[in-house]
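# Observations on the model geometry
Below, each chain spelled out in residue letters.
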Amino acid sequence: MMDWSNILREFITLLVVIDPIGSIPVFLFATVGVPAALHRRFAIRAILVATGVLLLFLVGGQFVLESLGLRLGSFQIAGGIVLFMFAMTMIFGESKPMREIEEAERDHLAGAVFPLAMPSIASPGAMLAVVILTDNHQNPIADQVVTAGLLVLVLAITLIVLLFATRSQKFLGATGASVISRVMGLVLATVAVDAVLGGFESLGVLDIVETTPEVLEPEVTQ
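Owing to the predicted nature of the structure, the values given are computational and were not obtained by experimental measurement.

### Structural notes on the nonpolar core
Burial of nonpolar side chains together is a common tendency in soluble globular proteins. Ranked by internal contacts, the top residues of the largest apolar core, which has 44 residues, are Ile18, Phe27, Phe42, Leu54, Leu116, Ile121 and Leu151. Elements with a minimum of two residues in this core: α1 (4-18), α2 (23-30), α3 (39-68), α4 (72-92), α7 (113-121), α8 (124-134) and α9 (141-202). Top element by residues in this core is α9. It accounts for ten residues.

### Some remarks on the packing of α2 against α4
The relative placement of two packed helices comes down to the angle between their axes together with the axis-to-axis distance. Between α2 and α4, whose axes approach to 11 Å, the crossing angle comes to 60 degrees. On the basis of the axis angle, α2 is oblique to α4. Classified by chirality, the crossing of α4 by α2 is left-handed. Residue-level inspection shows Pro25, Val26 and Phe29 of α2 in contact with α4, the latter providing Phe86, Thr89 and Met90. Grouping the constituent residues of the contact of α2 with α4 by class yields five nonpolar, one polar and no charged.

### Re the packing of α2 against α7
Contact pair α2 / α7: the axes reach a minimum separation of 9 Å and the direction vectors enclose 160 degrees. Judged on the interaxial angle alone, α7 and α2 are roughly antiparallel. Crossing handedness for the pair α2 and α7: right-handed. Contact residues: α2 offers Ser23, Val26, Phe27 and Ala30, while α7 offers Pro115, Leu116, Ser120 and Ile121.

### Regarding the side chain of threonine 147
By the element assignment, threonine 147 lies in helix α9. In this structure threonine 147 touches Glu10, Leu14, Leu58, Leu133 and Thr134, once residues within four positions along its chain are discounted.

Each value, and the rule that gives it
- Within each chain, residue numbers correspond to sequence positions counted from 1 in written order.
- Totals for whole chains, interfaces and linings use every residue, but because this is a predicted model, local features are given only for residues with pLDDT of at least 70 and side-chain atom pairs only at 80 or more, for both listing and counting.
- Hydrogens and waters are ignored; side-chain quantities use all the structure's heavy atoms.
- The definition of a nonpolar core used throughout is a set of buried Ala, Val, Leu, Ile, Met, Phe, Trp, Tyr and Cys residues joined through side-chain atoms within 4.5 Å.
- Only protein chains enter the accessibility calculation, which uses a 1.4 Å probe; a residue is then buried when its area is under 20% of its type maximum, exposed when over 50%, and partly exposed in between.
- The numbering of helices and of strands both runs from the N terminus, where a helix is a DSSP run of H or I of at least 4 residues and a strand a run of E of at least 2.
- Lines fitted to C-alpha atoms define the axes here, with helix axes fitted over just the stretch in contact, and angles between the N-to-C directions of these axes take values from 0 to 180 degrees.
- Should an angle fall under 35 degrees it is called roughly parallel, over 145 degrees roughly antiparallel, and 65 to 115 degrees roughly perpendicular, with every other angle called oblique.
- In a left-handed crossing the near helix is turned counterclockwise from the far helix by less than a right angle, and in a right-handed crossing that turn is clockwise.
- Contacts are assigned to residue pairs that have any heavy atoms within 4.5 Å of one another.
- When residues are grouped by polarity, Ala, Val, Leu, Ile, Met, Phe, Trp, Tyr, Cys and Pro land in nonpolar, Asp, Glu, Lys and Arg in charged, and all others, Gly among them, in polar.

If you want it as structure tokens, here you go:
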């Protein structure tokens, strides 16, 4: 009998770590200078690559990390650094020169692998999530198959979101896409820093306590 509450929890977890909406600014940035006719293929290729990577981690990621003696926190920190470097490119980078627009089709689609498929869709957080959710030492094969199905479902949702972004991009224009790219680059940099801090916390280096800002009440004059 299926545990629907557990399935819902896993689905939400995968939806959060893959973050289909968060991939939109990366997609818009990566397709600058790419002919509109190739945007659909660009998105499909990115999803296929991300699916292959995440399924590979789902099947053997835990074995690889344990055999190499790698800690999950270290992996998370490394991924955060990569994301931060890409975010800096989004914020300060210039648009692709016109000569790149005239390059071969295979060069146009190269951006589907990096940065869109990795590290945006198949992010370090997503890789860690599938390893933890499947846990080869505790979960039976049937449960791991369900997790794989949920993963494919979330990636299908991501593809739909990217295809919608393809249609909306023509309304933004080059200037609009540039503005969104830089704003979302700042957001991505924040996510990257948070990932690094989370890695340090999981390693026991930091003990981060979230606090809420105090609200100052106005003084009452007599």
